[in-house]
Amino acid sequence: MSLNSAAQSLVSLAEAGHEGGQHASLSPYLTGGSALFILLLLLWITTRFNRDR
């Protein structure tokens, strides 16, 4: 597969998904904030169990 045909297929794929696809009630800030909170919580839990250092 050449670079030109790969780029054309990616462009056509991106244009096909342009019609929407996101649910109206999903806020990207809420999703990102909750993901950040969960990751920070997992980091905190991991550091609490790793007391042998």
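Scroll up a little and you will see the structure.
First things first, this report covers the structure right here in the doc. (Residues numbered from 1 in each chain as written. Predicted model: local features only at pLDDT ≥ 70, side-chain atom pairs only at ≥ 80, totals over all residues. Heavy atoms only, no water.)

Some details on the overall build of the protein
So, point 1. If you tally the helices and strands in the protein, you get two helices and zero strands.
So, point 2. For the protein, buried positions account for 0% of its 53 residues.
So, point 3. Put simply, the protein shows about 5300 Å² of open surface, and 67% of that area lies on carbon and sulfur atoms. (Helix = DSSP H or I, 4+ residues; strand = E, 2+ residues; numbered from the N terminus. Buried < 20%, exposed > 50% of the residue type's maximum accessible area, 1.4 Å probe, protein only. Areas by Shrake-Rupley, 256 points an atom, 1.4 Å probe, with all protein chains shown as cover.)

Let's talk about a nonpolar patch on the surface
So, point 1. Taken together, the side chains of F37, I38, L39, L41, L42, W44, I45 and F49 define a hydrophobic patch exposed on the protein surface, amounting to about 900 Å² of accessible area.
So, point 2. Inspection of the secondary structure assignment puts L42 in helix α2 (residues 28-49).
So, point 3. On the accessibility criterion, L42 (47% relative accessible area) is partly exposed. (Patch = residues over 30% accessible without salt bridge, like charges linked within 9 Å, V, L, I, M, F, W, Y side chains within 5 Å. Salt bridge = Lys/Arg side-chain N within 4 Å of Asp/Glu carboxyl O.)

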